[in-house]
Amino acid sequence: MSDDDIRIGVFVCHCGTNIGGVLDISELTEYSKTLPNVVYSADNLYTCSEVGLSEIRENIKEHDLNRVIVASCSPRTHEPLFRSTCQEAGLNPYLFEMVNIRDQDSWVHMKEPEKGTEKAKDLIRMGVYKAALLESLEKMQVGVIPSAIVIGGGIAGMNAALNLANQNFKVSLIEKDSELGGLLRHLNKVYPTNEDASIILETRNLVENHKKIDLYKSAVIEKIEGYVGNFKVIILQNKKTLEIEAGAIIVATGAKALSPEGYYNYNGKTIISQLELEGILKENKINTNNITMIQCVGCRNEERKYCSNICCMTALKNAILIKEQNPDANVNIIFRDIQTQGVTYEEYYRRAREMGILFIKYLPEKPPIIKKDRIEVYNEFMNQVIGIPYDLVVLSMPLIANEDSEQLAKMLKVPLEENNFFLEAHVKLRPVDFATDGIFVCGSAHWPADISESISQSNAAASRASTIISKEMLEVEGSTAEVNTDLCVGCEACIKICPYSAISKDEETDTVVVNKVVCKGCGVCGASCPHNAITIHHFTSDQIIAEIVTYGGGE
Amino acid sequence: MGENLKRVMVIGGGIAGIQASLDLAERGIVVELIEKNACIGGRMAQLDKTFPTNDCSICILAPKLAECFRHPNITLHTLSEIKNLSGQPGNFNVKIFKKARYVKEDECINCGVCIEKCPMRVDDEFDMKLRKRRAIYIDYVQGVPSIMTIDRENCLFFTKDACRICEKVCEREAIDFDQKDEEFELNVGSIIVATGYDIFEPTSLGSLGYGRYLNVVTALEFERLICASGPLGGHLKRPSDKNEPKKLAFINCVGSRDIKNNPYCSSCCCMYTTKEAMIAYEHDNEIETSIFYIDLRAAGKGFREYIQRGENDYAITYIKGKVAKILEDDQKNPLIFYEDINTSQVKQLKYDLVVLATPMVPKKDAGELAKILGIKIDDYNFFKANSYHPQKSSKEGIFLCGACREPMDIPTSVIDASGAAAKAAEIVMRG
Amino acid sequence: MVFEPKILGFLCNWCSYAGADLAGVSRIQYPTNVRVIRVMCSGRVDPVFIAEAFMNGIDGVLVLGCHLGDCHYINGNYEAELKMKMLSKTLSMINFSDRVRLDWVSAAEGARFAQIVSDFTEHIRKLGPSPVKNKKVKKEIIDNLNAVKFALCDTRLRALVARQRELTTDGNVYGEIIPTEEFEEILDNAIENEIIRHKILEKIKNKGKSVPDIAKEIEIEPHKVLRHIVTLRARGLVDVDQINEEIPTFISIKEV
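Engineer: Sorry if this is basic, but what is going on with the overall build of chain B here?
Structural biologist: The helix and strand tally for chain B stands at ten helices and 24 strands. The C-alpha atoms of chain B give a radius of gyration of 23 Å, which matches the 22 Å a tight globule of 431 residues would have. Across its three principal axes, chain B shows a C-alpha extent of roughly 70 × 55 × 35 Å. Within the span of chain B, comprising 431 residues, buried residues form 63% of the whole. Long-range contacts, defined as pairs at least 24 residues apart, comprise 66% of the intrachain contacts of chain B with a sequence gap of at least 6. Of the roughly 16,100 Å² of accessible surface on chain B, a fraction of 47% belongs to carbon and sulfur atoms. Placing the 57 positive and 61 negative side-chain charges of chain B at their respective mean positions leaves the two points 2 Å apart.

Spelled out as structure tokens, the structure:
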């Protein structure tokens, strides 16, 4: 398009007296007419009112406008409205530009109307110079495969699969073991109801018999390709390579308990782990009277700074079970802080105390010492070391990340945090999303989680996945990054910078390509590219520099 | 069973209700979002920053508010409450009562001229009554929908048949004193309850001096005091003499884990007191903080490390011990008396400002709503959730999320909300 | 007449632009000097934009983003910080670094935004007008800014900054992590080199000169000049012009 073909219309809003009461609107309107490529300029009492909007639509047609500028309030609130107005009049919505002369001018310079008007002139001129360089952009549409892949068949994975299947989506559930159930299979009872773990495991039957769920047991993931809406996972099962496609992936690979070997004279007989105690309790083989549990073994220390979240409740559960079976048993829990947040768990803790379970706090710098016949622990309250006789010591070991997390994270191109748990997109507002669209996480793969938390999270991950696979098409924002392959030398600097893994190397051309479906248009790659080979649409360097030059140059 | 309506009602427009609505709407399910207040945003909008990343609360919330408002699948009903429920899962019939706003929603452009001219000054509930608002107002400046509301209880026109200044100054003619309360019915396949929580009122704990001593405040008051858009513009000063406090104390479990008040643990106080102490320190590096606690509960992802950082880098001292009472010296400095666990002696420490970590308590009308919806509540009036499927209420087709079922932090509420959305979708999308 | 500084502000859409809007909604008054360019993320701001602003007579530039940790795009503001650090190093070589400031404003910080604008405007007012506007020194200043722009456009320097996080935290392809101090030193050298190289190019734009002559003109030891000439030759920017009595003269062969 040559310069002559650019026809800009400028609409200056009074916003009642909000702008008009401070700035000289007629001066701004007249000034706009003097700017290059501006063929029409008018003021409106309220540009956002139906009257104002129809004026925009009519003048686009009447004056053959191909760029529209509204000088009014903030684009954060009103750009969508004006864009769709342009679209209704047949103008590409990206050919609209907004100039903020209210929130960032008339409202903040109420006592300096002349200077405020000068500022508004500059801002409008900058808008006009940018507008001349605006390009039509299209919102791309991309098809979505209406199914999900769930990786991991523990309680989180099973429940996520079940929820999506119940919503009528096809689900492929991939489990590396020959059996579903994960860690739950090793548990005796579950808190806080102390019911048999098998009750929760009933989910297994529902999953195995669901007609919308394809199960892949004893399957190893070989490769993951694609992007949101269009993933392809290649698995190896029974020496056969299979290819599964889906629109979204849920990671539910769980965690494992840290081995007690080497902690507190662990011997597997009189000094055992909490998981081993579950096994003993399951077989009803507990026959000792003096039982002491030690919390935070191998965690909340220099090597593993975190709190494993589930160990306090697990210890309480087993302590209560022992006490219920044998009220005369002496059950002690040596702890640092009892983590029983909320209503039910705190009640559970109170119940344990009422049953006569003894709680002894220890300091990390003075951990308990296991002697032949007793445990010695320094007690802060009494300011002395006390000896506790024992028959059985139970070590509460933390959950740690599975060792194959790293490999899976690489294949998915998603990050892990320092303890090798999967790292979500945003702790608070996107707790089960990855920064990479279309991939979600739940259960202990994300962080040690108990059954209720895992189920919660798996429902959440299913919900998030459903927001993608329920769509026939994903619509993609037009203002994304684009690589000029003539300039790109394939240095890959941008690949590492992009937080969304939207850029990848095209091995054939030795340049990089931006996946527009994944790109969020932040523009960081463009500002970083050593060769200036990346265009950030709608915020191009040319557009920004045009604004700078006209601001600097205009007196 | 009749036809499944592909429509879900979400009750409550806090972060949980917003997240549930957005998930469902993006899933292609029509949402009726019911909010009692004039704006959505809930408690999260009142917070200054949020743990464990200490990012600005409104920064991350505001885009969600706008998205909720704009989403074609979400109909927002503000100033609305549930009056009655009939029908069954898949096809519920809900009666809604909507209070008149007295402002035309389509005309008001939130220019604020009416606020300036309104002569009535009323305690601002959003700012924990730490400043005044007018009788025509918006809950908070970034509130959505960003339009005014007239508070009927305080407006001079309604109380004294006078004034009407707002009507005169509004250039958009958006004021409409003739608006009437409405009742209408909505048909939905499933319901999500996300009504949130109230804050425990510590005036009943006389020994801590709240309400009697100016320099003893609650944690939510502290959030507003330190927030950049709060009544002090983010410059922390203590209420009695407007001096900058240098010695702060936070007391955890004020009215929680306490058989006489609320036996349960409020879940987030250990974390938010640490956060508030950190923010205070960021404002003024001379601030030293003590946090009194029973157990330090920080089991969430990265939470334990957060507490550690507080201790190492933000001049926070954690004191294990139960506070017996608070008195005040003649300079109005609060004096904390607490039992030292090493010596069992009662010790006394002087502070400039004391912050009470008061727990979340159920909404005061939770029992009533439970009755209308036919769902169970627990001993304290939190909505009763299934032990292992915590989004399930006692009634099929009605789901729970956020602190209305149990005290919880923002990440858990967001997970809960998405989870509830999935469960509701299961009902309305089942084959 | 009172000097009214021309200030340009780059504001990220999600936090600082929202903070600036909040200042408006709260009617907090601040100086009228700033003109805002909205970008989606502070990480979008290419340091070249700022050199461009100074060349066009703008007196001061503010870059405002979300507080660290709050970035809507996860870590764009960290990238902005690295870029601005490099820019500041570069500008300090021509005494311009005082005219640019990077800061963080959240969507709740209307008052803080107003304060930053007021402080920065006052700061620039004290510094006085950009020397670009001074006719006497304009040529020299523009030359200097051109050298800065040359450095900021330099592929190697940009690649270094683009890879900074990777190199100092994840390590290079061999897994070697470069300590931050060492990296800073590498960066400092690279910047200095590019500025000098640009100066050399300026001197031999129209006329071939020998290494000793160039060395004298830009006051740098001849062996260093020679090293730069070799580099510039390898980049195809310089070639031998003539050889007089066995002493070669070099000339710039490409517009930069």
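There is more to say, and it comes next.
Engineer: Teacher, can you tell me more about the overall build of chain C here?
Structural biologist: A tally of regular secondary structure across chain C gives ten helices and seven strands. With the C-alpha coordinates aligned to their principal axes, the bounding extent of chain C is approximately 75 × 55 × 25 Å. Counting the 256 residues in chain C, one finds 57% classified as buried. Restricting the contact set of chain C to residue pairs at least 6 apart, pairs at least 24 apart contribute 71%. When the accessible area of chain C is evaluated, it comes to approximately 11,000 Å², of which 51% is carbon and sulfur surface. Taking the 35 positively charged and 36 negatively charged side chains of chain C as two groups, their mean positions are separated by 6 Å.

Engineer: So what exactly am I meant to see when it comes to the interface of chain A and chain B here?
Structural biologist: By a frequent convention, interface size equals the accessible area lost on bringing the separate parts together. Contacts between chain A and chain B engage 73 residues on the former and 68 residues on the latter. Between chain A and chain B, a total of about 5,500 Å² is buried, with carbon and sulfur atoms accounting for 53% of that surface. Summed over the three residues of chain A that lose the most area to chain B, namely Val343, Lys428 and Leu429 of chain A, the buried surface amounts to 14% of that side. Linking chain A with chain B are six salt bridges, by the criterion used here. On inspection of chain A and its partner chain B, the count reaches 36 residue pairs in polar contact (both at pLDDT 80 or more). Here the side of chain A that touches chain B takes eleven residues from helix H14 (residues 451-469) of chain A, the largest share from any one element. Residues that form the side of chain A that touches chain B fall into these classes: 28 nonpolar, 29 polar and 16 charged.

Engineer: Got a minute to help me understand the pattern of salt bridges in this structure?
Structural biologist: Any two side chains of opposite charge can pair, so long as their charged atoms come close to each other. Using the criterion set out here, one finds 94 salt bridges over all chains in the structure. The partner of Arg112 of chain C in a salt bridge is Glu109 of chain C, with the nearest N and O atoms 3.5 Å apart. According to the relative accessible area criterion, Arg112 of chain C is partly exposed, its value standing at 30%. The class for Glu109 of chain C is buried, based on a relative accessible area of 12%. Sharing partners across several salt bridges, the network here consists of Arg430, Asp433, Asp437, Arg464 and Lys520 of chain A together with Asp23 of chain B.

Engineer: Please explain the packing of aromatic side chains as it appears in this structure.
Structural biologist: Each aromatic ring pair is characterised by the separation of its centres together with the angle its planes make. Evaluated as defined, the whole model comprises 26 aromatic pairs over all chains. Ring plane angle 70 degrees and centroid distance 5.1 Å describe the contact between Phe157 of chain B and Phe158 of chain B, whose orientation is recorded as edge-to-face. For Phe158 of chain B, a relative accessible area of 28% corresponds to the partly exposed category. Linked through ring pairs, Tyr102, Phe157, Phe158 and Phe177 of chain B together constitute an aromatic cluster. Lys520 of chain A extends its terminal NZ or CZ atom over the ring of Tyr500 of chain A, reaching a point 5.5 Å from the ring centre.

Engineer: For this particular structure, what's the right way to read helix H8 (residues 303-313) of chain B?
Structural biologist: One full turn of an α-helix is made of 3.6 residues, so residues set three or four places apart face in the same direction. All buried positions along H8 of chain B are accounted for by Phe303, Arg304, Glu305, Tyr306, Ile307 and Gly310 of chain B. Buried residues along H8 of chain B sit against helix H7 (269-283) and strand E18 (316-320) of chain B.

Engineer: Explain the sheet that holds strand E10 (residues 213-216) of chain A to me, please; I cannot follow it from the model alone.
Structural biologist: The strands that make up a sheet pair up through hydrogen bonds in the backbone, lying either parallel or antiparallel. All names here are of chain A. The strand order across the open sheet formed by five strands is E10-E7-E6-E14-E25, and the pairing between neighbours is parallel. The open sheet has two free edges, formed respectively by E10 and strand E25 (439-441), since each of these has just one partner strand. Between one strand axis and the next, the sheet turns through 20 degrees on average, direction left out of account. Both strand E7 (residues 170-174) and E10 contribute to a ladder of four bridges, which runs parallel. Its bridge partner being in E10, Ser172 is matched across the sheet by Asp214.

Engineer: What exactly am I supposed to notice about the domain arrangement of chain B here?
Structural biologist: Residue and element names in this part refer to chain B. Under the domain assignment used here, chain B contains domain 1 (7-99 + 181-196 + 363-429), domain 2 (113-169) and domain 3 (201-359). In this structure, domain 1 and domain 3 have C-alpha centres spaced 31 Å apart. Listed by partner, the interface residues are 15 residues for domain 1 and 22 residues for domain 3. Here domain 1 meets domain 3 over a buried area of about 1,600 Å², counting both sides, of which 64% is carbon and sulfur. Put simply, domain 1 and domain 3 have one salt bridge between them. Put simply, Glu282 and Lys49 hold a salt bridge, and the shortest N to O gap is 3.9 Å. Between the two partners, domain 1 and domain 3, sit five residue pairs in polar contact (both at pLDDT 80 or more). Here the side of domain 1 that touches domain 3 is composed, by residue class, of eight nonpolar, three polar and four charged.

Engineer: What exactly am I supposed to notice about the interface of chain C and chain A here?
Structural biologist: At the junction of the two partners, chain C supplies 53 residues and chain A supplies 56 residues. Between chain C and chain A, a total of about 4,600 Å² is buried, with carbon and sulfur atoms accounting for 57% of that surface. Contact with chain A buries area across many residues of chain C, yet Thr32, Arg35 and Arg44 of chain C alone supply 16% of it, more than any other trio. Across the chain C-chain A interface, the total number found is five salt bridges. Across the pair Glu79 of chain A and Arg38 of chain C runs a salt bridge whose closest N-O atoms are separated by 3.2 Å. Counting every contact that joins chain C to chain A gives 25 residue pairs in polar contact (both at pLDDT 80 or more). Looking at the side of chain C that touches chain A, the elements with two or more residues in it are strand E1 (7-12), helix H1 (16-25), strand E2 (34-39), helix H2 (47-55), helix H3 (76-92), helix H6 (155-162) and helix H7 (164-170) of chain C. No other element matches the seven residues that H1 of chain C contributes to the side of chain C that touches chain A.

Engineer: Just to check I follow, could you spell out the domain arrangement of chain C for this structure?
Structural biologist: Residues and elements named next belong to chain C. Split into domains, chain C comes out as domain 1 (7-130) and domain 2 (154-252). The distance between the C-alpha centroids of domain 1 and domain 2 comes to 31 Å. The interface of domain 1 with domain 2 comprises eleven residues on the first partner and eleven residues on the second. Carbon and sulfur atoms supply 63% of the area buried between domain 1 and domain 2, which totals about 1,100 Å² over both sides. A per-residue breakdown of the area domain 1 buries against domain 2 is headed by Leu82, Met86 and Lys89, which together make up 46% of the total. The interface formed by domain 1 and domain 2 includes four salt bridges. Between Lys89 and Asp188 there is a salt bridge, and its shortest N-O distance comes to 2.8 Å. Linking domain 1 with domain 2 are four residue pairs in polar contact (both at pLDDT 80 or more). At seven residues, H3 tops the list of elements feeding residues into the side of domain 1 that touches domain 2. Per-class residue counts for the side of domain 1 that touches domain 2 are four nonpolar, two polar and five charged.

What counts as what
- Residues numbered from 1 in each chain as written.
- Chains lettered and ligands numbered in written order.
- Predicted model: local features only at pLDDT ≥ 70, side-chain atom pairs only at ≥ 80, totals over all residues.
- Heavy atoms only, no water.
- Helix = DSSP H or I, 4+ residues; strand = E, 2+ residues; numbered from the N terminus.
- Rg over C-alpha atoms; globule rule 2.2 N^0.38 Å.
- Buried < 20%, exposed > 50% of the residue type's maximum accessible area, 1.4 Å probe, protein only.
- Contact = heavy atoms within 4.5 Å.
- Areas by Shrake-Rupley, 256 points an atom, 1.4 Å probe, with all protein chains shown as cover.
- Lys, Arg positive; Asp, Glu negative; His and termini not counted.
- Charge placed at Lys NZ, Arg CZ, Asp CG, Glu CD.
- Buried area = accessible area lost by both parts, 1.4 Å probe.
- Salt bridge = Lys/Arg side-chain N within 4 Å of Asp/Glu carboxyl O.
- Polar contact = N/O pair within 3.5 Å; in protein donor to acceptor, adjacent residues only side chain to side chain.
- Nonpolar A, V, L, I, M, F, W, Y, C, P; charged D, E, K, R; others polar.
- Phe/Tyr/Trp six-rings, centres within 6.5 Å; stacked < 30°, edge-to-face > 60°.
- Lys NZ or Arg CZ within 6 Å of the ring centre and 35° of its normal.
- Pairing = 2+ DSSP bridges.
- Axes fitted to C-alpha atoms, helices over the stretch in contact; angles between N-to-C directions.
- Domains from an automatic or database assignment.

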